[in-house]
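Listed below, chain by chain, are the residues.
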Amino acid sequence: MASVVRSLFDAPLVPVANEDDAVATCTATFPHVADAGGRMLVVHVVEKAGGAPDKASVEQREKLAEELFEEVRERAAEAGVDVETRLLYGTDVGETILDAARDEDASAIVFTPREGKKWWDIFGHEARDTLVEDSDRPVVVLPGADE
């Protein structure tokens, strides 16, 4: 029986949090996806407070996400990379990302460090632990453009 080895960058799921993160992540990820001839799914998670008041309205967060996605689509077109964008909603950011990766059969979850923090501080403590401990697929942390 032949084994098929899948590239990490065939179909990565790439979470983005803000504009700086989207730009840094695209800059780092697109060359790898292009080399693999892959297609990536870029997601933004609107974190619901689970009964507590949200910090920003859902409409504000959806508007931010659309602006992020527009930036990603423009950069993807320039890089010649196929990209799909999706807005996700959840009370647990890490679990929401993992669920999407499973649902889409992502080849990996890929991101870059944010604002010079160590990779393990990229997400909140709970999301970080969930991604590292509970993922059923590779989690890839690429160096940022200034690393």
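1. Things to note about the overall build of the chain
Then, in step 1: Helix and strand counts for the chain stand at 4 helices and 5 strands.
Then, in step 2: Traced from its N-terminal end to its C-terminal end, the chain shows the element sequence β-α-β-α-β-α-β-α-β.
Then, in step 3: Here the chain, with 147 residues, has 41% of them falling under the buried criterion.
Then, in step 4: Counted over contacts in the chain with a minimum sequence separation of 6, partners at least 24 positions apart contribute 77%.
Then, in step 5: Counting only carbon and sulfur atoms, one obtains 49% of the accessible surface of the chain, whose full area is about 8100 Å².

2. Concerning the packing of helix 1 (residues 19–36) against helix 2 (residues 58–79)
Then, in step 1: With their axes 10 Å apart at the nearest point, helix 1 and helix 2 run at an angle of 25° to one another. As summarised for this structure, helix 1 and helix 2 are arranged roughly parallel, according to the angle between their axes. Seen from above, helix 1 lies across helix 2 with right-handed handedness. Residues Glu19, Ala22, Val23, Cys26, Thr27 and Phe30 of helix 1 form the contact with helix 2, whose participating residues are Leu68, Glu71, Val72, Arg75, Ala76 and Ala79.
Then, in step 2: Tallied by class, the residues present in the contact of helix 1 with helix 2 amount to 8 nonpolar, 1 polar and 3 charged.

3. A few points about the environment of Phe9
Then, in step 1: Position of Phe9 relative to the elements: it lies in the segment before strand 1 (13–15).
Then, in step 2: Separated by 24 residues in sequence, Phe9 and Val33 have C-alpha atoms that sit 5.0 Å apart.
Then, in step 3: Apart from the residues lying within four places of it in its own chain, the contact partners of Phe9 are His32, Val33, Ala36, Gly38, Ser107, Val110, Val140 and Leu142.

4. Re the pattern of salt bridges
Then, in step 1: The tally for this structure, following the rule as stated, stands at 12 salt bridges.
Then, in step 2: The partner of Glu84 in a salt bridge is Arg86, and the shortest N-O contact between them spans 2.3 Å.
Then, in step 3: Take Glu84: its relative accessible area is 28%, and that puts it in the partly exposed class.
Then, in step 4: The salt bridge partner of Asp136 is Arg102, with a shortest N-O separation of 3.5 Å. Taken as a pair, Asp136 in the loop between helix 4 (125–134) and strand 5 (139–141) and Arg102 in helix 3 (residues 93–103) lie far apart in primary sequence, 34 residues in all.
Then, in step 5: Given a relative accessible area of 48%, Asp136 falls into the partly exposed group.
Then, in step 6: For Arg102, a relative accessible area of 33% gives the class partly exposed.
Then, in step 7: What emerges from the salt-bridge pattern is a single network uniting Arg6, Asp99, Arg102, Asp105, Asp136 and Arg137.

The rules behind each value
- Residues numbered from 1 in each chain as written.
- Predicted model: local features only at pLDDT ≥ 70, side-chain atom pairs only at ≥ 80, totals over all residues.
- Heavy atoms only, no water.
- Helix = DSSP H or I, 4+ residues; strand = E, 2+ residues; numbered from the N terminus.
- Buried < 20%, exposed > 50% of the residue type's maximum accessible area, 1.4 Å probe, protein only.
- Contact = heavy atoms within 4.5 Å.
- Areas by Shrake-Rupley, 256 points an atom, 1.4 Å probe, with all protein chains shown as cover.
- Axes fitted to C-alpha atoms, helices over the stretch in contact; angles between N-to-C directions.
- Parallel < 35°, antiparallel > 145°, perpendicular 65-115°, else oblique.
- Left-handed = near helix turned anticlockwise from the far one by under 90°.
- Nonpolar A, V, L, I, M, F, W, Y, C, P; charged D, E, K, R; others polar.
- Salt bridge = Lys/Arg side-chain N within 4 Å of Asp/Glu carboxyl O.

Remember, this is a structural readout, not a statement about activity or role.
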